[in-house]
Amino acid sequence: MKKILLTVTALMAVTFSQAQDITDALRFSTEELSGTARFRAMSGAFGALGGDLSAMMINPAGSAVFNTSYSTVTLNYNRRDNETRYFNGINSNRNTNFDLDQAGAVLLFNSTNPENRFGKLTLGFNYAQTNNFEDSFLAQGTSNISIDSYFLRFAEGIPLELLETQGNETITDLYRFLGENEGFAAQQAFLGFQGFIINPVSNSPDNTFYSSALGAGTFDQQFHYVSTGLNGKVAFNIATEFNNSLYFGANLNAHFMNFDRSTRLRENNSNPGSETNEIIFQNNLSTTGNGFSFQAGTIAKVGNNVRLGVAYESPTWYTVDERTSQRLDTFSEIFDENVSVNPNVVNIFPEYRLKTPGKLTGSVALILGTQGLISFDYSYKDFSNTEFRPTSDPAFRAQNDQLSENLQAASTFRLGGEYRIQNWSFRGGYRIEESPYENVILTENLSFGPKTIGELDAYSFGLGYSFGNVKLDLAYEKANRTDNPQLYQVGLTNTARIDRDLSSVILSLSFGI
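The model shown is predicted, which means the values in this text are computed figures rather than measured ones.

Reading guide: rules and limits
Residues numbered from 1 in each chain as written. Predicted model: local features only at pLDDT ≥ 70, side-chain atom pairs only at ≥ 80, totals over all residues. Heavy atoms only, no water. Pairing = 2+ DSSP bridges. Helix = DSSP H or I, 4+ residues; strand = E, 2+ residues; numbered from the N terminus. Buried < 20%, exposed > 50% of the residue type's maximum accessible area, 1.4 Å probe, protein only. Polar contact = N/O pair within 3.5 Å; in protein donor to acceptor, adjacent residues only side chain to side chain. 1 Å grid on protein atoms, 1.4 Å probe; cavity = no way out; pocket = protein on both sides within 12 Å on 5 of 7 lines; lining within 4 Å. Points joined across faces, edges and corners; volume = space filled by probe spheres on them. Nonpolar A, V, L, I, M, F, W, Y, C, P; charged D, E, K, R; others polar. Axes fitted to C-alpha atoms, helices over the stretch in contact; angles between N-to-C directions. Parallel < 35°, antiparallel > 145°, perpendicular 65-115°, else oblique. Left-handed = near helix turned anticlockwise from the far one by under 90°. Contact = heavy atoms within 4.5 Å.

> Explain the pairing of strand S21 (residues 497–512) to me, and be specific about the residues and the numbers.
Here strand S1 (residues 70–86) pairs with S21 via 16 bridges, running antiparallel. Opposite Thr72, over in S21, you have Ser510 as the bridge partner. Pairing analysis gives 14 bridges linking strand S20 (residues 470–483) to S21, with the strands arranged antiparallel. Paired with Glu477 across the bridge in S21 is Ser504.

> Quick one: what's the story with the environment of Thr170, residue by residue and with numbers?
Mapped onto the elements, Thr170 comes out in the loop between helix H6 (148–155) and helix H7 (171–181). Classification of Thr170 by relative accessible area gives partly exposed; the value is 36%. Separated by 65 residues in the primary sequence, Thr170 and Ala105 place their C-alpha atoms 57 Å from one another. There is a polar contact of 3.0 Å between the side chain of Thr170 and the side chain of Asp173.

> Explain empty space enclosed by the protein to me, and be specific about the residues and the numbers.
Enumeration over the complete set of coordinates arrives at 4 cavities of 30 Å³ or more. Looking at the second largest cavity, its volume works out to about 110 Å³. Split by residue class, the lining of the second largest cavity holds 3 nonpolar, 8 polar and 4 charged.

> Account for the packing of H6 against helix H8 (residues 184–194), with residues named and values stated.
Two numbers describe how H6 lies on H8: the axes approach to 8 Å, and their chain directions differ by 130°. The angle between H6 and H8 places the two elements in the oblique class. In terms of crossing hand, the pair formed by H6 and H8 is left-handed. Along the contact surface, H6 presents Tyr150, Phe151, Phe154 and Ala155, while H8 presents Phe184, Ala185, Gln188, Ala189, Leu191 and Gly192. A per-class count over the contact of H6 with H8 returns 8 nonpolar, 2 polar and no charged.

Structure (structure tokens):
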């Protein structure tokens, strides 16, 4: 295994472009709304308000608004309902999970010097689950494009002698050798050849041309997708109040991620001339990483009723590790034979770096005395600035060109309000997140449109009760979004249409000191 790591490192420029695409970059560049129940009930419109543990994740100056030391813990129940359309097939499924969504505390230090214009200092930390990767869907339908196109694409230019085992060499031996010396494309060509999906045009060892072993026609396909994992962020915060009218703050953020994905394609055909009639192709990916970013922000009181806020979040600089494994099984009716190509090899790729884009947020809030408030946030994030690094590497350069050409700057709009009656608080909110894709074309049923993510619309509401130093808050959020995930990067590039309904129930318990 160590040998694989060292060799694949040398082949990084050859293999990387086949291992990553826009979807992978976006996965770690986007964030879901997460945080306390009060924050979520108002759709996260807290950039000019502060006084909430999750508010300081938007604007670090918000922690200086607290009048006492404070801590909050939040639990979150998520439900994701997917309706997937793929050619003539429609499937629905549901994913649920229960998580610790947020936990943090702020310590308040008041100045004892009446002449000190910096009235207080706060030190805080907060954990937030910024993205939940729990997902699954089934794309099922009849296509006129087969998975054979995937293996044919990678087999272009690969000599036949590299795909045939020699002497006592096993499937595992040759798959490992190709990974060490030839790269990802050769491994895919090897699977297709050994699985009797592609045939050489000639039996010469130096042959580099291949044809399909499948007859033309239609192909019944089932594509299963399952993923797990999360992105998390821990913010270390410092903030201060100046002259009882200005608040300044900064965060140093530590990021971590883990993502596991498994895909399984099952394809059947009864086309005339097909030497292979059933194909099962499995791929597994495991990704881990860590990174850092920083934030700075300020909040200003304008009179007694208006607050303005502005905040900047830097890009996040990640270091990422990946592992993959594969298996292919086929069946031929003509030869009445099952073939299993199971290398039992884990490909360990070298570390790479990913820079996700920074974000600017402007906010305004209207304070209605002690009875309530209305708040609005606007955020701007340019996803075309996402980069794989080092940028001087030819493969990274090609990927970055695709990112800059296909992604765009996206805006997020958040509106929230709160009304108080004695110890009760009633809240509501609405938000819109634009698509990060330059040209959003969502195919209705099939299959050849670009892979895109549509606009997200969400609303929320909630309530809270204060017991004095203890507060209990509950929120409900509902969001929907449509996207067109692509099955494979090359060859079988069909896309499915998934209509996603996302709902969350959030419960927070807070303590003031």
